[in-house]
Amino acid sequence: MARPQQLTPLFASVKKLKGIGPQLAQTMARFFGAPEGQDAILLDLLMHMPAGLVDRRHQPGAAFAQPGAISTFLLTIDQHRAPPRGNKRVPYRIIAHDDTGEMMLTYFAGRAAWLEKTLPEGEQRYVSGMVTAFQGQKQINHPDFVVKPDQFDEMPLVEPIYPLTQGLSAKKIQGAVRDALAQMPEMPEWVPENRLTLNGWPSFADAMRQTHMPGTPGEAALDGAARARLAYDEYLAGQLTLQIVRSTLTRETGIAREFSGALAEKVRGALPFSLTPGQESALTDIYADLRQKRKMARLIQGDVGAGKTVVALLAMAAMAESGAQSALMAPTEILATQHFHSISAICDQVGLKVALLTGKMPQGERRAIQAKIADGEIDIVVGTHALFQSSIEFQQLGLTVVDEQHRFGVHQRLALSDKGRKTELLVMTATPIPRTLVLTHFGDMDVSLLTDKPKGRQPIDTAILSEKDYDRVVARLGQRMHEGVQAFWVCPLVEESEHLNATSAEDRFKALNQAFPGRVGLVHGRMAAADKQAVMEQFAAGELQILVATTVIEVGVDVPNASIMIIEHAERFGLSQLHQLRGRVGRGSKKSACLLLHGENLSEIAQKRLETIKETEDGFKIAERDLELRGEGDLLGTRQSGMPGYRIAIPEFHRDFLDMAHEDAANIIESNPGLTGPKGDAVRTLLYLFRKDLAIPLIKAG
Ligand code: ADP
Ligand code: MG
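Residues numbered from 1 in each chain as written. Chains lettered and ligands numbered in written order. Predicted model: local features only at pLDDT ≥ 70, side-chain atom pairs only at ≥ 80, totals over all residues. Heavy atoms only, no water.

**Quick look at the site of ligand 1**
Short version of the rule: Throughout, near means a residue has at least one heavy atom within 4 Å of the molecule or strand. Each polar contact in these results corresponds to two N or O atoms within 3.5 Å; when the atoms are within protein, one needs to be able to donate a hydrogen and the other to accept it, and residues that are neighboring in sequence are counted only if both atoms are side-chain atoms. The protein chains shown are the only cover counted for residues, whose accessible areas, like all others here, come from Shrake-Rupley with a 1.4 Å probe.
By nearness alone, 17 residues border ligand 1, and Ser274, Gln279, Gly305, Thr309 and Arg457 come closest of all. Between ligand 1 and the protein, one listed contact pairs an oxygen atom with a backbone N or O atom of Gly305 at 2.7 Å. When the free accessible area of ligand 1 is taken as 570 Å², the share hidden by the protein chains comes to 85%.

Quick look at the structure:
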């Protein structure tokens with residue numbers, strides 16, 4: 001469907017507006033993140049929300065003006081006093097008065113010609129700005145607005161303040177937004193009627209007008225009705241997109257899988273433990289999904305160490321019994337290899353054929369495995385995400401498991417289903433994600449939670465120490481090493497550069513290797529995969545006792561014998577990241593410890609964050625706290641990965657509307673999957689407005 005006609009003006013280039021030339025247009029394109037090579041459009045201006053307001057409604061009269069307050073006056077201009085020639089330190093002063101008293105207008109380095117034109121002696125002007133007092137005289141330095149009495153309407157009495165960038169002044173952007181508003185068409189209403197009336201929301205167009213040209217500060221307040229409606233709209237557009245993706249992923253092209261569960265039973269028999277209640281119920285969910293004709297799209301949210309891998313294995317066993325293949329995708333080669341090793345012993349016992357496919361394999365070997373995959377000789381293929389993006393032919397791929405992947409966005413999910421495959425999809429997160437983020441990023445998937453941990457896990461002792469304690473930490477570590485313990489040593493995170501991360505890890509490796517020669521290994525992101533792998537294997541085999549690492553070990557690495565985790569400059573890490581790192585220990589039955597070393601001058605907030613980690617091992621709690629402290633984009637690393645960011649909605653104010661939007665989107669797509677009729681058109685308009693171009697071609701054909 002083509003874009004609704006009435007939206008056309010809003011999709012015009014900002015260059016169409018008065019006073020916006022090529023240079024300003026370029027600045028705007030960059031500032032608003034217009035697609036490469038395209039101009040910013042009027043819609044970008046409308047979606048650029050004010051960050052605050054200036055209230056100039058106060059008109060106290062010159063005699064009653066309060067220094068420090070922004071006020072507006074109707075002044076008669078009496079006299080210009082230019083500074084003495086050549087003296088730049090004396091400002092240009094203009095004496096003025098109103099019915100109540102005198103007011104001075106002050107311009108530093110003021111240009112006489114311009115001032116004489118703007119504020120001619122003997123005439124009246126509305127003047128607005130911050131009042132100050134100078135030697136008992138009330139004055140306004142550089143008034144914000146000077147307008148003729150008959151142009152009073154042009155002065156925004158409640159003035160929105162916009163985020164700015166170099167080369168884009170407040171005046172320019174205000175003017176441009178107003179001009180864009182003038183082009184705003186009336187829109188059909190897409191918000192369900194009861195939602196609209198219950199909340200007392202204005203129409204979209206009115207909400208935009210109130211936000212950008214408020215008559216009162218309340219109209220544009222962050223917690224006001226206009227902004228709430230727009231935030232809801234933004235959430236609704238996002239949730240609709242996910243629902244549309246979902247119906248694409250799960251549309252009835254799936255297969256009702258048939259299996260008795262006998263093979264999975266065998267796998268259970270081969271496990272050295274029994275499943276936790278959380279694992280059991282996740283499997284119940286998964287098996288029910290598989291047996292339905294609808295395709296599975298399920299997210300397993302599990303805390304670190306909750307045992308997601310086993311759940312995946314049992315799902316893959318059921319798939320094998322039903323006669324189809326499975327792919328297990330890990331984010332790194334280390335993890336892929338580890339998964340392969342950890343499941344292949346059990347697979348061998350029960351007759352499941354599993355193969356590892358890595359990018360570093362010799363060509364011949366890889367070809368041989370690919371041939372077996374194509375023949376259907378292999379039941380389970382383990383590899384990296386990257387690898388599966390290249391073309392592997394399966395005889396019949398039934399299930400894709402995506403492990404430890406927060407950033408597995410809708411685009412990737414669609415790409416997987418795009419190949420006309422009838423594949424079921426299971427995604428496993430690395431750590432718990434707060435509910436709001438699940439809705440935002442995985443609102444198209446069903447969710448199973450693994451909140452419990454396997455029995456017999458000992459709590460991890462977490463301590464907060466200063467880097468000044470380094471020598472003591474090393475001495476103590478030496479003692480424990482005599483007892484045979486193994487430790488991870490994670491080096492400080494340097495956000496800017498993987499190179500610096502590697503350097504700091506190398507330095508730490510040298511220092512520790514001097515203290516414990518031959519007992520220390522090093523892995524970082526700039527090493528060749530095979531070298532990393534070799535070191536990991538030595539560590540897992542107990543040949544090395546300390547593994548110095550960058551965050552490459554953050555996710556997934558499972559060495560049950562390791563019982564000490566030391567994290568340098570812990571304050572630089574996100575809470576979920578620290579939780580994830582700590583989760584690398586405490587996997588065996590040994591008592592484990594985690595030391596959070598921080599730099600000097602720890603801020604109060606940083607201290608609080610570290611204490612959160614010390615206080616609790618509940619990943620779900622930590623994730624919520626992390627969200628409060630860091631904001632959404634950072635938590636999932638979405639800034640880089642192009643996942644949805646919000647321009648209007650602010651979680652602190654609008655989180656509740658996300659739930660509403662989620663519910664409404666589901667109802668809309670269920671009752672009107674083709675988005676037909678006038679209501680459907682209105683919803684499409686919304687999708688265009690929020691530029692959900694991804695969703696539109698997917699809308700189910702009539
Ligand atoms: P994660 O959920 O963090 O990916 P893993 O799947 O790596 O966790 O499992 C962590 C460890 O717990 C592994 O060593 C695994 O064998 C073990 N494990 C998994 N489930 C159970 C269970 N029900 N009882 C005991 N140990 C378990
Ligand atoms: Mg795992």
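There's plenty left to go through after this.
**Brief notes about the confidence of the model for the protein chain**
Heads up, the rule is: pLDDT gives the predictor's per-residue confidence on a scale running from 0 to 100. Residue contacts follow a heavy-atom distance rule, with two residues in contact if any of their heavy atoms lie within 4.5 Å.
Of all residues in the protein chain, 93% attain a pLDDT of 70 or more, and the chain-wide mean is 88. Long-range and interchain partners of residues 633–643, a stretch whose pLDDT sits below 50, account for 25 contacts in this model, where long-range means more than four residues apart.

**Overview of the packing of aromatic side chains**
In plain terms, the rule: Ring pairs are drawn from Phe, Tyr and Trp, using the six-membered ring of Trp, whenever the two centres fall within 6.5 Å, and their geometry is named by plane angle: stacked under 30 degrees, edge-to-face over 60, tilted for the rest. Secondary structure elements are taken from DSSP: a helix is a run of H or I of four residues or more, a strand is a run of E of two residues or more, and numbering for both begins at the N terminus. Note on classification: 1.4 Å probe, protein chains only; a residue is buried when its accessible area is under 20% of the maximum for its type, exposed when over 50%, partly exposed between these limits.
Following the criterion strictly, the structure yields 10 aromatic pairs and no others. An angle of 45 degrees between the planes, with centres 5.0 Å apart, marks the rings of Trp201 and Tyr232 as tilted. Residue Trp201 is located in the loop between α5 (193–199) and α6 (204–212), and its partner Tyr232 is located in helix α7 (residues 225–250); the two are separated by 31 residues in the primary sequence. An identical accessibility class is assigned to Trp201 and Tyr232; each is buried. Consider the rings of Phe259 and Tyr287, whose centres lie 5.3 Å apart with planes at 70 degrees: the pair is edge-to-face.

**Quick word on the pairing of strand β13 (residues 397–402)**
The cut-off we apply is this: DSSP bridges decide pairing: two strands pair if at least two such bridges lie between them.
Counting buried residues in β13 gives six out of six residues, a clear majority hidden from the surface. Where β13 meets strand β14 (residues 424–428), four bridges bridge the pair, whose relative direction is parallel. From the neighbouring strand, Leu399 faces β14, where its bridge partner is Glu424.

**Observations regarding helix α12 (residues 363–375)**
Basically, it comes down to this: To estimate how far a helix should extend, the number of its residues minus one is multiplied by 1.5 Å.
For α12, spanning 13 residues, the distance from its first C-alpha to its last is 18 Å, which sits close to the expected 18 Å at 1.5 Å a residue. Following α12 by one or two positions, Gly376 has its phi on the positive side, about 85 degrees.

**Re the packing of helix α19 (residues 575–582) against helix α20 (residues 604–615)**
What describes two packed helices is the angle between their axes and the distance between those same axes. Under the convention used in this document: Between N-to-C directions, angles span 0 to 180 degrees; the directions come from axes that are lines fitted to C-alpha atoms, helices contributing only their stretch in contact. Crossings are assigned a handedness: left-handed for a near helix turned anticlockwise from the far helix by less than a right angle, right-handed for a clockwise turn. Charged means Asp, Glu, Lys or Arg here, nonpolar means Ala, Val, Leu, Ile, Met, Phe, Trp, Tyr, Cys or Pro, and polar covers whatever is left, Gly included.
At a minimum axis separation of 10 Å, α19 and α20 run at an interaxial angle of 35 degrees. Crossing hand, α19 versus α20: right-handed. Within the contact between the two elements, α19 uses Leu575, Leu578, His579 and Arg582 and α20 uses Arg609, Leu610, Thr612, Ile613 and Lys614. Its residues placed into classes, the contact of α19 with α20 shows four nonpolar, two polar and three charged.

**A look at the side chain of Thr358**
Along the polypeptide, Thr358 turns up in the loop between β11 (354–356) and α12. Residue class for Thr358 comes out buried when judged on its relative accessible area of 9%. Here Thr358 is in contact with Glu333, Arg366 and Leu387, once residues within four sequence places are set aside.

**Topic: the sheet that holds strand β15 (residues 446–450)**
Spatially, the seven strands line up as an open sheet ordered β11-β12-β10-β13-β14-β9-β15, and their pairing is parallel. Each edge of the open sheet carries a strand with a single partner, namely β11 and β15. Strand after strand, the sheet turns through a mean of 20 degrees between neighbouring axes, direction not considered. Running over the sheet, helix α9 (residues 277–291) touches β9 (297–302), β14 and β15 and is turned about 160 degrees from β15.

**Topic: the environment of Ser260**
Mapping Ser260 onto the fold places it in the loop between α7 and α8 (262–270). Exposure remark for Ser260: the relative accessible area of 59% places this residue in the exposed category. Along the backbone, Ser260 and Thr358 are 98 residues apart, and their C-alpha atoms lie at a distance of 32 Å. Ignoring anything within four residues of it in the chain, the contact list for Ser260 reads Arg291 and Glu321. Among the polar contacts listed, one links the side chain of Ser260 to the backbone nitrogen of Ala262, at a separation of 3.1 Å. Among the polar contacts listed, one links the side chain of Ser260 to the side chain of Glu321, at a separation of 2.6 Å.

**Quick notes on the sheet that holds strand β20 (residues 562–567)**
Hydrogen bonds along the backbone pair up the strands of a sheet, which may run parallel or antiparallel. The strand order across the open sheet formed by six strands is β16-β21-β20-β17-β19-β18, and the pairing between neighbours is parallel. Two strands lie at the open edges of the sheet, namely β16 (460–466) and β18 (520–523), each paired on one side alone. Neighbour-to-neighbour, the strand axes of this sheet turn through a mean angle of 20 degrees, independent of strand direction. Pairing geometry for β20 and strand β21 (residues 592–598), over four bridges, is parallel. By the bridge assignment, Ile567 is partnered in β21 with Leu596. Against the sheet, helix α16 (residues 470–482) makes contact with β16, β17 (486–490), β19 (546–549), β20 and β21, and its axis sits at roughly 155 degrees relative to β17, the strand it touches most.

**Topic: a negative patch on the surface**
What counts, and what does not: Exposure above 30% relative accessible area and no salt bridge define the residues that can form patches, which grow by joining like charges within 9 Å and nonpolar side chains of Val, Leu, Ile, Met, Phe, Trp and Tyr within 5 Å. Whenever a carboxyl oxygen of Asp or Glu lies within 4 Å of a side-chain nitrogen of Lys or Arg, that contact is scored as a salt bridge. Here Asp and Glu are counted as negative and Lys and Arg as positive; His is not counted, and neither are the chain ends. To locate a charge, take NZ of a lysine, CZ of an arginine, CG of an aspartate or CD of a glutamate.
Negative charge collects at one region of the surface, where Asp78, Glu102, Glu116 and Glu121 lie side by side. Summarising the element assignment, Glu121 is placed in the loop between α3 (112–118) and β5 (124–134).

**Some remarks on the pairing of strand β2 (residues 70–81)**
Pairing analysis gives seven bridges linking β2 to β5, with the strands arranged antiparallel. The residue of β5 that forms the bridge with Leu75 is Arg125. Pairing between β2 and strand β3 (residues 92–97): five bridges, direction antiparallel. Counted as the bridge partner of His80 is Ile94 from β3.

**Let's talk about the nonpolar core**
Filter applied, for reference: Here, nonpolar core means buried Ala, Val, Leu, Ile, Met, Phe, Trp, Tyr and Cys residues that are tied together by side-chain atoms lying within 4.5 Å of each other. Domain start and stop positions are those given by an automatic or database domain assignment.
Grouped together as the largest cluster of nonpolar side chains are 97 residues, with contacts concentrated most on Met28, Leu45, Trp190 and Phe204. In terms of residues, this core owes the most to one element, α7, which gives 13 residues. In terms of domain composition, this core takes at least three residues from each of domain 1 (5–54 + 162–221) and domain 3 (262–450). Beyond its immediate stretch of four places on either side in the chain, Met28 contacts Val14, Ile20, Gly33, Ala40, Leu45, Leu168 and Ala176. The next biggest cluster of nonpolar side chains, apart from the first, holds 46 residues, and it includes Ala264, Leu271, Ala318 and Ala324.

**Section: the pattern of salt bridges**
Counting across every chain of the model gives 25 salt bridges. Residue Asp446 pairs with Arg294 through a salt bridge whose shortest N-O separation is 3.2 Å. One end of the pair, Asp446, is in strand β15; the other, Arg294, is in the loop between α9 and β9, with 152 residues separating them in the sequence. Under the relative-accessibility criterion, Arg294 is labelled partly exposed at 33%.

**Here we look at the side chain of Arg582**
As for its placement among the helices and strands, Arg582 is situated in helix α19. The buried charged residue Arg582 lacks any salt bridge, with Glu617 as its nearest oppositely charged partner at 5.2 Å. Residues within four places of Arg582 in sequence aside, it is in contact with Ile460, Thr462, Met565, Cys594, Ile613, Lys614, Thr616, Glu617 and Ile622.

**What to know about unusual backbone geometry**
In this model, Gln135 sits at a positive phi of 50 degrees, which is unusual for a non-glycine residue. Position of Gln135 relative to the elements: it lies in the loop between β5 and β6 (137–141). In the Ramachandran plot, Arg691 falls in the positive-phi region, its phi being about 55 degrees despite a non-glycine side chain. Turning to its location among the elements, Arg691 is positioned in the segment after α25 (677–689). By relative accessible area, which is 32% here, Arg691 ends up partly exposed.

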